[in-house]
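Structure at a glance
So you can see what is in the structure, the chains are spelled out below.
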Amino acid sequence: MSALPATLAQALAHARAAHALPRAEARMLLLHAIGRASGDSAWLIAHDDQALPADAARRFAALCQRRAAGEPVAYLTGRKAFYGLDLAVDARVLDPRDDTETLVDWALALLPTDQPANQPARVLDLGTGSGAIALALASQRPQADVWASDASADALAVADANARRLGLRVNFRQGDWLQALPSDAVFDLIVSNPPYIAEGDAHLPALAHEPRMALTSGPDGLDALRTLVATARPHLRAGGWLLLEHGCDQAPAVRALLAAAGFAHAQTRCDLAGQPRCSGGQSPDRP
């Protein structure tokens, strides 16, 4: 058995050499192992010659092994930063991706900043998971009436705990997509990051630690997207928008679904890497 690293710098070097962990990930795991906040990277750089207690070294080694086996850093630390929020996450929910902030940006561009308190914009996040999208919208548009649904009671428990800890108001409902809502509920904006990976996709083994129901959706990955496009319009006010995250190769198919369902102005937004990430359309009128 190899000797435990004696300093923080030695621990980081070992994580890179033995497990090929990226520097940023190794720092996050080490900060977690020694009980410091994930944002303390500057402290870690300034104190990398500090002694590392043996128990912390063992915790860090175990975290590195789990990360090397594919477990997301967010699950290992129990935290994920998303749109300026510190979210608690675990294996009950999908690890929120930075790409999803593209969907939040688009949604915020459609939501007024000066909505009267007695006429709040109503927003719905379908398949909320950890609550990342709904909570980001609630934090940036505190006057909005934000709703969120998920079929998983476990996921809703995570989302509700995040909302309570962050002091944000979201109306959570359990159920399968729009079936979670009252039949007469209507919204100005509906957003969703549904499962969109095709069953049997070659990337799935790398995602084995995340809930499969939040990842895959039929042979072509479009089943959930089809359902959402087909059922959303009765729950949208005239002029309301439906915004959907999807795979980078699915934009043409999603725009076609939106147009076929009667949505106007079907269009796509790209993420920071320039990949087509979200598509949406506007409801011209009530069905």
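What comes next concerns the included structure. Nothing here was measured: the structure is a model prediction, and the numbers come from that model.

**Brief notes about the overall build of the protein chain**
Along the backbone of the protein chain there are 10 helices and 9 strands. The C-alpha radius of gyration computed for the protein chain amounts to 21 Å, which stays within 12% of the reference 19 Å derived for 287 residues, consistent with globular compactness. Out of the 287 residues in the protein chain, the part that is buried amounts to 48%. For the protein chain, restricting intrachain contacts to residue pairs at least 6 apart in sequence, the fraction spanning at least 24 positions comes to 65%. If you sum the accessible surface of the protein chain, you get close to 13,100 Å²; carbon and sulfur atoms cover 52% of it.

**Quick notes on the packing of aromatic side chains**
Per the stated rule, a full pass over the model turns up 2 aromatic pairs. Across the ring face of Trp43, the terminal group of Arg36 is positioned such that the distance to the ring centre comes to 3.9 Å. Here Arg122 stacks its cationic end above the ring of Phe187, 4.9 Å away from the centre of that ring.

**Observations regarding the sheet that holds strand 8 (residues 264-270)**
Strands in a sheet are paired, the pairing made by backbone hydrogen bonds, and the direction either parallel or antiparallel. Taken together, the 7 strands give an open sheet; going across it, the order is 5-4-3-6-7-9-8, and neighbouring strands pair in mixed fashion. A single partner strand is all that each edge strand has here, and the edge strands are strand 5 (171-174) and strand 8. On average, adjacent strands in this sheet sit at an angle of 15° to one another, irrespective of strand direction. One ladder, built from 5 bridges, connects strand 3 (residues 122-126) with strand 4 (residues 145-150); its direction is parallel. Following the sheet pairing, Asp125 is matched in strand 4 by Ala148.

**A word on the environment of Asp176**
Within the secondary structure layout, Asp176 lies in the loop between strand 5 and strand 6 (187-192). Through-space distance from the C-alpha of Asp176 to that of Val93 is 16 Å; in sequence the pair is 83 residues apart.

**Side note on the pattern of salt bridges**
Between side chains of opposite charge, a pair can form as their charged atoms come close. Enumeration according to the criterion identifies 15 salt bridges in this entry. Glu210 is the partner of Arg97 in a salt bridge, and the nearest nitrogen-oxygen pair spans 2.7 Å. Placement of Arg97 in the loop between strand 2 (85-88) and helix 6 (101-110) and of Glu210 in the loop between strand 6 and helix 9 (223-232) is noted, with a sequence separation of 113 residues between them. What makes Glu210 buried here is its relative accessible area of 8%. Where Arg164 meets Asp160, a salt bridge forms, and the shortest distance between an N and an O atom there is 2.7 Å. Residue Arg164 and its partner Asp160 are both found in helix 8 (residues 153-166); the two are separated by 4 residues, about one turn of the helix. Arg164 gets classed as exposed once you look at its relative accessible area, which sits at 66%.

**What to know about the state of the cysteines**
Within the structure shown, the criterion is met by 0 disulfides. In this structure Cys248 is a free cysteine whose sulfur lies 10 Å from that of Cys270, the closest cysteine sulfur available. Since its relative accessible area comes to 39%, Cys248 is described here as partly exposed. In this structure Cys270 comes out as partly exposed when scored by relative accessible area, which is 44%.

**A word on the environment of Thr7**
With respect to the helices, strands and loops of the structure, Thr7 is situated in the segment before helix 1 (8-19). Placed 41 residues apart in sequence, Thr7 and Asp48 show a C-alpha to C-alpha distance of 6.9 Å. Here Thr7 is in contact with Asp48, Asp49, Gln50, Ala51 and Leu52, once residues within four sequence places are set aside.

**Digging into the side chain of Gln250**
Tracing the backbone through its elements, the reader meets Gln250 in the loop between strand 7 (236-245) and helix 10 (251-260). Not counting residues within four places of it along the chain, the set of residues in contact with Gln250 comprises Tyr196, Asp220, Gly221, Leu222 and Leu225.

**Focus on the packing of helix 6 against helix 7 (residues 132-140)**
The geometry of helix 6 relative to helix 7 is characterised by a closest axis approach of 10 Å and an angle of 40° between their N-to-C directions. The pairing of helix 6 with helix 7 is recorded here as oblique in orientation. The element helix 6 and its partner helix 7 pack so that their crossing is right-handed. Note on element contacts: helix 7 touches helix 6 through Ile133, Ala136, Leu137 and Gln140, opposite Leu103, Val104, Ala107 and Leu108. The residue inventory of the contact of helix 6 with helix 7, partitioned by class, reads 7 nonpolar, 1 polar and no charged.

Reading the values: the criteria
Residues numbered from 1 in each chain as written. Predicted model: local features only at pLDDT ≥ 70, side-chain atom pairs only at ≥ 80, totals over all residues. Heavy atoms only, no water. Helix = DSSP H or I, 4+ residues; strand = E, 2+ residues; numbered from the N terminus. Rg over C-alpha atoms; globule rule 2.2 N^0.38 Å. Buried < 20%, exposed > 50% of the residue type's maximum accessible area, 1.4 Å probe, protein only. Contact = heavy atoms within 4.5 Å. Areas by Shrake-Rupley, 256 points an atom, 1.4 Å probe, with all protein chains shown as cover. Phe/Tyr/Trp six-rings, centres within 6.5 Å; stacked < 30°, edge-to-face > 60°. Lys NZ or Arg CZ within 6 Å of the ring centre and 35° of its normal. Pairing = 2+ DSSP bridges. Axes fitted to C-alpha atoms, helices over the stretch in contact; angles between N-to-C directions. Salt bridge = Lys/Arg side-chain N within 4 Å of Asp/Glu carboxyl O. Disulfide = S-S within 2.5 Å. Parallel < 35°, antiparallel > 145°, perpendicular 65-115°, else oblique. Left-handed = near helix turned anticlockwise from the far one by under 90°. Nonpolar A, V, L, I, M, F, W, Y, C, P; charged D, E, K, R; others polar.

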